[in-house]
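Listed here are the chains, written in short residue letters.
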Amino acid sequence: MRKIVFLGVALSFLTACGSDSPSEIVGYKTTMKIPSVFNAGKIARGEVIHANFVVENTGEYPLVLSDVSGSCSCTVADWSKDPIPPGEKGFVKANVKTESFSEGPVTRSVTILSNTTPPNTKVVVEATIIK
């Protein structure tokens, strides 16, 4: 009788911990598609560049963007905080303040940390600063 009860408890536990549980999916790697460059064109010095990148989950598991950071203090980033399901799209936004820039071309990068291989993806914001 003890063996039957134990087997029932073990089967209940295994069913509760099925392969679709979120805790097992979290560590899975996926893939994403994102444009590598956002070209803002000509921007007057002092304006803020609003770069918007569309992120598409091209893999089989939820895409988690765990951190997004700019290459300098002039770049502030925002991103999709919820996991992006397979086949769905999210966003990465970078606002670049230009008041301290000189005239001419500028490039600032944004690094995205996610559950992809490699885990870091770098995208670039380009512009030409004018008077």
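## With respect to the confidence of the model for the chain
Here is step 1 of the chain: Looking at the chain as a whole, its pLDDT mean stands at 86, while 80% of the residues score no less than 70.
Here is step 2 of the chain: Low confidence marks residues 1–24, where pLDDT is under 50. Its contacts with residues over four positions away, or in another chain, come to 5 contacts.

## A closer look at the state of the cysteines
Here is step 1 of the chain: Under the defined criterion, the tally for this structure stands at 1 disulfide.
Here is step 2 of the chain: Two residues, Cys-72 and Cys-74, share a disulfide whose sulfurs are 2.3 Å apart. Here the disulfide of Cys-72 and Cys-74 is left-handed, its torsion about the S-S bond being about -40°.
Here is step 3 of the chain: Here Cys-72 falls in the partly exposed class, since its relative accessible area comes to 27%.
Here is step 4 of the chain: Residue Cys-74 is classed as buried on the basis of its relative accessible area, which comes to 10%.

## Notes on the pattern of salt bridges
Here is step 1 of the chain: Enumeration according to the criterion identifies 1 salt bridge in this entry.
Here is step 2 of the chain: Where Lys-81 meets Asp-78, a salt bridge forms, and the shortest distance between an N and an O atom there is 2.8 Å.

## With respect to the environment of Gly-46
Here is step 1 of the chain: Within the secondary structure, Gly-46 is located in the loop between β2 (37–44) and β3 (48–57).
Here is step 2 of the chain: Looking at Gly-46, the relative accessible area reads 41%, which means it is partly exposed.
Here is step 3 of the chain: Once residues lying within four places of it in the same chain are set aside, the contact partners of Gly-46 are Thr-98 and Glu-99.

## Remarks on the packing of aromatic side chains
Here is step 1 of the chain: Taken as a whole and judged by the stated rule, the model has 2 aromatic pairs.
Here is step 2 of the chain: Considering the side-chain rings of Tyr-28 and Tyr-61, the 4.3 Å spacing of their centres and the 70° angle between planes classify their relative orientation as edge-to-face. In this pair, Tyr-28 sits in the loop between α2 (22–25) and β1 (32–33) while Tyr-61 sits in the loop between β3 and β4 (65–70), placing the two residues 33 residues apart along the sequence.
Here is step 3 of the chain: Given a relative accessible area of 33%, Tyr-28 falls into the partly exposed group.

What counts, and where the lines are drawn
Here the residue numbering is sequential within each chain, running from 1 through the sequence in written order. Confidence filtering applies because this is a predicted model: local features only for residues at pLDDT of at least 70, side-chain atom pairs given and counted only at 80 or more, and all residues used for totals across whole chains, interfaces and linings. To obtain the side-chain values, all non-hydrogen atoms of the structure were included, while hydrogens and water were left out. Values of pLDDT, the confidence the predictor places in each residue, fall between 0 and 100. Contacts between residues were defined by any pair of non-hydrogen atoms, one from each residue, lying within 4.5 Å. When the sulfur atoms of two cysteines come within 2.5 Å, that pair is taken as a disulfide. For each residue, the accessible area found with a 1.4 Å probe, counting protein chains only, is set against the maximum for its type, and the residue is called buried under 20%, exposed over 50%, and partly exposed in between. One speaks of a salt bridge when a side-chain nitrogen belonging to Lys or Arg is within 4 Å of a carboxyl oxygen belonging to Asp or Glu. Helix and strand labels come from DSSP, where a helix needs a run of H or I of at least four residues and a strand needs a run of E of at least two; each type is numbered from the N terminus. Paired rings are identified among Phe, Tyr and Trp, the last through its six-membered ring, by centres lying within 6.5 Å, and are further divided according to the angle between planes into stacked (under 30 degrees), edge-to-face (over 60) and tilted (the rest).

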